[in-house]
Amino acid sequence: MKKGTKLPKKITYSSYLLSLIKSFDVSADDIERFRENFHNEMKLGLCDRPSSLKMLPAFIDRPTGREKGRYSALDLGGTNFRIIQVRLDGCGGAREEHVGRFVIPSVVRHGTGKQMFNFIAMSVLKFANSHNIKFTDGKKLGFTFSFPMKQTSIVSGILVNWTKDFSASGVVNKDVVALLADSFKRCGMKELKVAAIANDTVGTYAAGALKDRNCDVGIIFGTGTNACYREKIANIKKLRGHNKNAHMIINIEWGNFDKFPANNYDARLDKETNNPGKQKLEKIVSGLYLGEITRLVLTDLIKHRFMFSGGKARFPKGSFTTRHMSLIESDHTRDLIKIKAYLEEQGIMNTNIAERNLLREISTMVSTRAARISAAAISSVVTWMDHELKFHHSIAIDGSLYERHPGFGKTITRVLKDLHGSKSSKITLKRSKDGSGMGVAIIAAVASDAAGTRGA
Ligand code: BGC
């Protein structure tokens, strides 16, 4: 599906802009179709039929709030590998005691699986030594693995495919818990065992649900994007042998949804990525890609001599990121001096206010489309669970885009209001800072309780 991609024969500044705006527009009708298609794909995914939504059972339901003790989580999914130690007070309270951050070098993300898991094990060893932590009870460790994985239990996860900026070899179709255990052994920590593995959305959900019984969705808007929600087991047709009256969290993997219109810039970006044809929604919504889409638009405007006197200015690939968009869109000074300073840093001098304004408009156009599509996805999930919005739904959200990009959350709230009117008050978006790591420590507690062991 392509959208507004035909440019008028004679390209004038205004006709060019009009066609650009049209190609990034997400109308109410687009959202309606988006929701219908989304529901359809959810249904297919739950039955194990071909669908762009994988709908992966997470083998966990909501925490009771009575989880207690000290648990740790290993968090793999972005450029930083994190280790978090959490203290649960047994009354719904959770406190981060220690956090360790290790930048994963690109050669490790794109090397072999063995190198990557050794890197994780070595980081755990450093963290344990520097905080004098003894991981002697294997039942205290959670593993946040922020990629699509097929689970058959809470302690196994088979990687379906890598996403974002990861491609370590020899990991797809393997159980990552087993690969991690091998690395622990190689690094002399054979006593270390993972009690639970979960996607970052599932962790975010668990952190939200610990205190809030209405929390039934967890979302990440960060480098990548995805959501999970609480489903009745009776609806998970592909799952056999479980109590049909109970619930289970489903990792939707909505980043891969592809039944919505995309434009020429999306197609160009998709071709450049290491996973062309996949993660279509993620590529128009998440932090890893928004900067690049904006850069492609800017490069065209410069090429057509509509900006920066044409030709002189350059934005080479990789030079423009979503962080730059956040800076640009947060400039509310009269003369747009933050944008001016940013452009001068790039060697683009003597810009006029109209050009700086256009830069801000372009960036806003790309991020607004991302927020509108995000709202469409949220509305799809909530109306799937509760068609008439009869109940309250708290949605726990983590991720740098939601936390830092100006106006992103507000636009989502506004679109939900447009879509659902007064019933939108039934949907509460709640920031769950570091929920993804914290939540998987909580899930490790739930799993340990079920296995009859408790944290120290
Ligand atoms: C992955 C998801 C993950 C999301 C947010 C996506 O690329 O496929 O599993 O939840 O990023 O980190």
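Scroll up to find the structure this text is about.
Residues numbered from 1 in each chain as written. Predicted model: local features only at pLDDT ≥ 70, side-chain atom pairs only at ≥ 80, totals over all residues. Heavy atoms only, no water.

S.K.: Please provide a residue-by-residue account of the overall build of the protein chain, values included.
M.R.: The number of helices and strands found in the protein chain is 15 helices and 13 strands. Its C-alpha atoms give the protein chain a radius of gyration of 23 Å, near enough to 23 Å, the size a compact globule of 456 residues would have. With the principal axes as the frame, the protein chain shows a C-alpha extent of 70 × 50 × 40 Å. In the protein chain, which comprises 456 residues, the share counted as buried stands at 56%. Taking the contacts inside the protein chain whose residues are at least 6 apart along the sequence as the reference set, 70% of them involve residues at least 24 apart. Carbon and sulfur atoms form 52% of the exposed surface of the protein chain, whose accessible area is close to 19,700 Å². (Helix = DSSP H or I, 4+ residues; strand = E, 2+ residues; numbered from the N terminus. Rg over C-alpha atoms; globule rule 2.2 N^0.38 Å. Buried < 20%, exposed > 50% of the residue type's maximum accessible area, 1.4 Å probe, protein only. Contact = heavy atoms within 4.5 Å. Areas by Shrake-Rupley, 256 points an atom, 1.4 Å probe, with all protein chains shown as cover.)

S.K.: Please set out the environment of G45 residue by residue, giving values where relevant.
M.R.: One can find G45 in helix α2 (residues 28-46). Sequence separation between G45 and V415 is 370 residues; the distance between their C-alpha atoms is 26 Å. If sequence neighbours within four positions are ignored, G45 has contacts with S51, L53, K54, M55 and K238.

S.K.: Describe unusual backbone geometry, and please don't skip the residues or the numbers.
M.R.: We note that E253 has phi near 55 degrees; this positive angle belongs to a residue other than glycine. Relative to the helices and strands, E253 resides in the loop between β11 (247-251) and α7 (264-272). Overall, E253 belongs to the buried group, its relative accessible area being 4%. Of note, the phi angle at N350 is positive, near 55 degrees, even though the residue is not glycine. Secondary-structure assignment places N350 in the loop between α11 (337-345) and α12 (353-385). Residue N350 is classed as exposed on the basis of its relative accessible area, which comes to 76%.

S.K.: Tell me about the sheet that holds β11, and name the residues and values.
M.R.: The 6 strands are arranged β1-β11-β10-β9-β12-β13 in an open sheet whose pairing can be described as mixed. Each of the sheet's edge strands pairs with one partner strand only, and the pair in question is β1 (56-57) and β13 (427-431). Across the face of the sheet, α12 comes into contact with β9 (215-221), β10 (225-232), β12 (393-398) and β13 while running at roughly 160 degrees to β9. (Pairing = 2+ DSSP bridges. Axes fitted to C-alpha atoms, helices over the stretch in contact; angles between N-to-C directions.)

S.K.: Tell me what's going on with the side chain of S394, and back it up with residues and numbers.
M.R.: By the secondary structure assignment, S394 is in strand β12. When its relative accessible area of 5% is taken as the criterion, S394 is described as buried. Of the polar contacts made by the side chain of S394, one reaches the side chain of D212; its length is 2.6 Å. Sequence-distant contacts of S394, defined by excluding residues within four places in its chain, comprise D212, N214, C215, D216, V217, T428 and K430. (Polar contact = N/O pair within 3.5 Å; in protein donor to acceptor, adjacent residues only side chain to side chain.)

S.K.: Before we move on, can you summarise the site of the ligand with the specific residues and values?
M.R.: Neighbouring residues of the ligand: 15 residues in total, closest T163, N199, D200, E253 and E282. One nitrogen or oxygen atom from the side chain of D200 is found 2.6 Å from an oxygen atom belonging to the ligand. Taking N226, its side chain carries an N or O atom lying 3.0 Å from an oxygen atom of the ligand. Taken together, the elements giving at least two residues each to the shell around the ligand come down to α6 (200-211) and β10. (Near = heavy atom within 4 Å.)

S.K.: Just give me the short version of the nonpolar core, but keep the residues and values in it.
M.R.: The nonpolar side chains of a soluble globular protein tend to be buried, and buried together. Within the largest apolar cluster, 77 residues are counted, with the highest numbers of intra-cluster contacts made by F38, F221, I252, W254 and I378. Setting aside residues no more than four positions away along its own chain, I378 makes contact with I219, F221, W254, I395, I412, L416 and L429. (Core = buried A, V, L, I, M, F, W, Y, C linked by side-chain atoms within 4.5 Å.)

S.K.: Please set out the pattern of salt bridges residue by residue, giving values where relevant.
M.R.: Applying the stated criterion across every chain yields a total of 23 salt bridges. Close ionic contact of R268 with D300 constitutes a salt bridge, the shortest N to O distance being 3.2 Å. Of this pair, R268 sits in helix α7 while D300 sits in helix α9 (residues 287-303), and the two are 32 residues apart along the sequence. R268 sits in the partly exposed class, given a relative accessible area of 34%. Overall, the relative accessible area of 10% leaves D300 in the buried class. (Salt bridge = Lys/Arg side-chain N within 4 Å of Asp/Glu carboxyl O.)

S.K.: Could you give an account of the side chain of K283, with specific residues and numbers?
M.R.: With respect to the helices and strands, K283 occurs in helix α8 (residues 280-285). We classify K283 as buried; its relative accessible area is 3%. At 3.1 Å, the side chain of K283 forms a polar contact with the side chain of T273. Not counting residues within four places of it along the chain, the set of residues in contact with K283 comprises L269, D270, T273, N275, P276, G277, K278, Y289 and I293.

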